[in-house]
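One letter stands for each residue in the lines below.
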Amino acid sequence: MSARGMLARTLHEWAGGTSARKEALVTCTPFLKWAGGKRWLSPLAPVLREFAPRRYFEPFLGSGAMYFALQPSRAVLSDANASLIETYVSIRDDWQSVWRHLTAHDRQHCDEYYYRVREMVPRTAATRAAQFIYLNRTCWNGLYRVNRSGRFNVPVGSKSRALLDTDNFALTASVLSAAQIRNDDFADVIAAAGAGDLIFADPPYTVRHQFNGFVKYNQKLFSWDDQVRLCRALEAALDRGASVVCTNADHTSIRELYGERFGVIGLSRFSSIAGRGGSRGSYAEVLIYGQGAVK
Ligand SMILES: C[S@@+](CC[C@H](N)C(=O)[O-])C[C@H]1O[C@@H](n2cnc3c(N)ncnc32)[C@H](O)[C@@H]1O
């Protein structure tokens with residue numbers, strides 16, 4: 001069977017629930033809650049691990065749910081959100097300081113304290129990282145939203161703790177030590193992937209001619225032109241011999257965009273990130289895949 005056929009068969013078996021159960025590694029839970037987070041897709045990680053990529057690329061990192069489930073031995077992780085990426089680097093390089101400051105926030109947490117911390121401009125990378133994690137865990141619905149001047153402006157939520165039972169920053173730092181961590185546009189990151197590499201791309205979901213609930217959570221909207229730019233970058237990576245697994249909304253415009261060069265499998269799930277009652281609901285999603293020719 002060709003390499004392309006292998007990836008197609010494995011993913012179809014997994015999506016259809018007929019693949020053998022694969023054991024997960026030591027659990028390393030993502031330390032953030034993130035809009036569009038892929039914890040629900042993490043059972044796919046053991047399947048991807050079978051392909052033993054030379055390097056794993058995740059250009060839309062967010063909370064890194066797939067990365068932490070996969071725990072590859074070499075990785076390139078990136079996101080356009082500079083504060084998010086600084087937080088990852090701080091945990092990887094100095095998790096003890098981040099943990100110390102986060103513990104202090106947890107002790108003092110209340111609504112009034114939240115708004116005081118939200119206005120602060122911390123001076124060091126570790127204190128900025130602790131502020132980022134504290135706000136993410138105690139704000140309304142784990143949302144990330146900034147105003148025109150780039151200041152975080154989400155109101156306080158209902159959580160009473162900023163520490164979680166699943167926290168293990170030492171393990172998180174150790175898993176991240178395998179990664180080169182970048183703050184770049186996806187196109188620059190994907191351009192570095194070549195033969196034997198695996199790209200897992202989970203972009204914001206936009207479809208042609210439509211603004212849906214998925215696109216509003218970031219400073220800069222992810223436009224349809226960005227979706228086309230992403231598809232072209234992934235096609236070029238395929239030509240260089242990289243393999244691709246990508247998620248997106250199940251919409252004709254997305255199926256048309258990827259249909260020629262990639263395989264597309266329909267998935268569906270319940271999305272809870274859309275906060276307003278009216279926009280909660282069931283979003284159909286697709287898994288897009290392609291395997292570069294082995295040279
Ligand atoms: C759907 S989220 C990824 C969620 C992630 N898979 C997880 O499990 O949490 C999409 C991410 O893309 C990032 N992003 C938006 N535009 C980008 C761009 N042009 N280049 C790189 N990252 C971008 C956002 O900051 C956001 O973190």
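Being a predicted model, the structure only gives us computed values, none of them experimental. (Residues numbered from 1 in each chain as written. Predicted model: local features only at pLDDT ≥ 70, side-chain atom pairs only at ≥ 80, totals over all residues.)

> What is the right way to read the overall build of the chain from this model?
Across its full length, the chain holds 10 helices and seven strands. Looking at the 295 residues of the chain, the share that counts as buried comes to 38%. Long-range pairs, those at least 24 residues apart, make up 71% of the contacts in the chain between residues at least 6 apart in sequence. (Helix = DSSP H or I, 4+ residues; strand = E, 2+ residues; numbered from the N terminus. Buried ≥ 20, exposed ≤ 12 C-beta atoms within 10 Å, placed from the backbone. Contact = placed C-beta atoms within 7 Å.)

> Would you mind going over the nonpolar core with me for this structure?
What tends to happen in soluble globular proteins is that the nonpolar side chains get buried as a cluster. One finds Ile190, Ile199, Leu234, Ala237 and Val244 to be the most contacted residues of the largest nonpolar core, which totals 71 residues. Composition of this core by domain shows at least three residues from each of domain 1 (3-80 + 184-290) and domain 2 (82-178). The residues touching Ile199, leaving out its near neighbours within four places in the chain, are Phe57, Ile190, Ala193, Leu234, Ala237, Ala242 and Val244. (Core = buried A, V, L, I, M, F, W, Y, C linked by C-beta atoms within 7 Å. Domains from an automatic or database assignment.)

> Help me understand the pairing of strand β4 (residues 198-201) in this model?
Two faces, one strand: in a regular strand the side chains alternate between the faces of the sheet. Side chains Leu198 and Phe200 of β4 all project onto a buried face; the interleaved residues Ile199 and Ala201 project onto the opposite face, where all are buried too. Relative to β4, strand β1 (residues 56-58) is paired through two bridges, and the arrangement is parallel. Residue pairing in the sheet places Phe57 in a bridge with Ile199 of β4. By the bridge criterion, four bridges tie β4 to strand β5 (residues 243-249) in an arrangement that is parallel. Bridge pairing in β5 places Ala201 opposite Cys246. (Pairing = 2+ DSSP bridges.)

> Just checking my understanding: could you explain the packing of helix α4 (residues 82-108) against helix α7 (residues 169-176) for this structure?
Helix-helix packing is described using two parameters, namely the angle between the two axes and the distance between the axes. Contact geometry for α4 and α7: axes closest at 8 Å, N-to-C directions at 155 degrees. What the angle tells us is that α4 and α7 run roughly antiparallel. Considering how the two elements wind past one another, α4 and α7 form a crossing that is left-handed. Judged by residue contacts, Tyr88, Ile91, Arg92, Trp95, Val98 and Trp99 of α4 engage Phe169, Ala170, Thr172, Ala173 and Leu176 from α7. (Axes fitted to C-alpha atoms, helices over the stretch in contact; angles between N-to-C directions. Parallel < 35°, antiparallel > 145°, perpendicular 65-115°, else oblique. Left-handed = near helix turned anticlockwise from the far one by under 90°.)

> Help me understand helix α10 (residues 252-259) in this model?
Each full turn of the α-helix corresponds to 3.6 residues, which orients residues three or four apart in the same direction. Taken as a whole, α10 has its buried residues at Ile254, Leu257 and Tyr258. Along the axis of α10, the buried positions cluster into a sector of 80 degrees, meaning they face one direction only. Projecting away from the buried face of α10 at angles above 90 degrees are the exposed residues Thr252, Glu256 and Gly259. (Arc of directions from axis to C-beta.)

> I would appreciate a short explanation of the confidence of the model for the chain in the present structure.
The predicted coordinates should not be examined in detail at positions where pLDDT is low. Overall, the prediction assigns the chain a mean pLDDT of 88, with 85% of residues at 70 or greater. Note that pLDDT drops below 50 for residues 212-219; the model gives that stretch 20 contacts with residues more than four away or on any other chain. (pLDDT = per-residue confidence, 0-100.)

> Looking at this model, I keep getting lost on unusual backbone geometry. Mind explaining?
In most cases, non-glycine residues show a negative phi, while peptide bonds are predominantly trans. The backbone of Ala52 sits at a positive phi, close to 35 degrees, despite the residue not being glycine. For Ala52, the location among the structural elements is in the loop between α2 (45-49) and β1. For Ala52, a count of 10 C-beta atoms within 10 Å gives the class exposed. With a phi angle near 60 degrees, Asn141 is a residue other than glycine that sits in the positive phi range. By secondary structure assignment, the location of Asn141 is in the loop between α6 (125-138) and α7.

> Mind showing me how you'd approach the environment of Leu230 here?
Tracing the backbone shows Leu230 in helix α9 (residues 224-239). By C-beta crowding, Leu230 is classed as buried, having 22 other C-beta atoms within 10 Å. Taking the C-alpha atoms as reference points, Leu230 and Phe186, separated by 44 residues in sequence, lie 7.5 Å from one another. Setting aside residues no more than four positions away along its own chain, Leu230 makes contact with Phe186, Ala201 and Pro203.

> Quick question: what am I supposed to make of the packing of helix α5 (residues 111-119) against α6 here?
One can describe the packing of α5 onto α6 by two numbers: an axis separation of 10 Å at closest approach and a directional angle of 140 degrees. With respect to α6, the axis of α5 lies oblique. The two elements α5 and α6 meet at a crossing, and its hand is left-handed. Facing α5, whose interface residues are Tyr114, Val117 and Arg118, α6 presents Gln131, Tyr134, Leu135 and Thr138. Looking at the contact of α5 with α6 residue by residue, the classes come out as four nonpolar, two polar and one charged. (Nonpolar A, V, L, I, M, F, W, Y, C, P; charged D, E, K, R; others polar.)

> Teacher, can you tell me more about the environment of Cys231 here?
Within the fold, Cys231 resides in helix α9. Taking the C-beta count within 10 Å as the criterion, Cys231 has 21 such neighbours and is therefore assigned buried. Each C-alpha atom, one on Cys231 and one on Phe262, is 9.7 Å from the other, the two residues being 31 residues apart in sequence.

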